[in-house]
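# Coordinate inspection notes
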Amino acid sequence: MAALDDSGELADGAALDHFSIVDSHFLAFVASREPSGVVVGVRGSAYLVAECTFTLDQRDRLGLGFVLR
């Protein structure tokens, strides 16, 4: 949503309708713009199917990712 908003591909006040192949429907929109980015609103329904926890080993030199230049 942030990328669509920034590029102008999603007009002000417009919503993105997402229909999946399993017949779910979500509606996403930019709720507000903040100095740090956009706040996205989402309407639809879903069910919690899993939870996960990510840990970062402080010894991992690539733990925070990398940039190709």
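Higher on the page you've got the structure.
Attention in this report is confined to the structure presented alongside it. None of these values were measured; they are calculated from a predicted model.

Helix and strand counts for the protein stand at one helix and three strands. Of the regular secondary structure in the protein, the N- to C-terminal order runs α-β-β-β. The C-alpha atoms of the protein give a radius of gyration of 17 Å, which is well past the 11 Å a tight globule of 69 residues would have. Expressed as lengths along the three principal axes of its C-alpha atoms, the size of the protein is roughly 45 × 35 × 20 Å. Each of the 69 residues in the protein was classed as buried or not, and the buried ones make up 6%. A separation of at least 24 residues holds for 15% of the contacts in the protein among residues at least 6 apart in sequence. For the protein, the separation between the mean place of its 5 positive charges and that of its 10 negative charges on side chains is 12 Å.

Cut-offs used in this document
Residues numbered from 1 in each chain as written. Predicted model: local features only at pLDDT ≥ 70, side-chain atom pairs only at ≥ 80, totals over all residues. Heavy atoms only, no water. Helix = DSSP H or I, 4+ residues; strand = E, 2+ residues; numbered from the N terminus. Rg over C-alpha atoms; globule rule 2.2 N^0.38 Å. Buried < 20%, exposed > 50% of the residue type's maximum accessible area, 1.4 Å probe, protein only. Contact = heavy atoms within 4.5 Å. Lys, Arg positive; Asp, Glu negative; His and termini not counted. Charge placed at Lys NZ, Arg CZ, Asp CG, Glu CD.

Read these as spatial facts, not as claims about activity.
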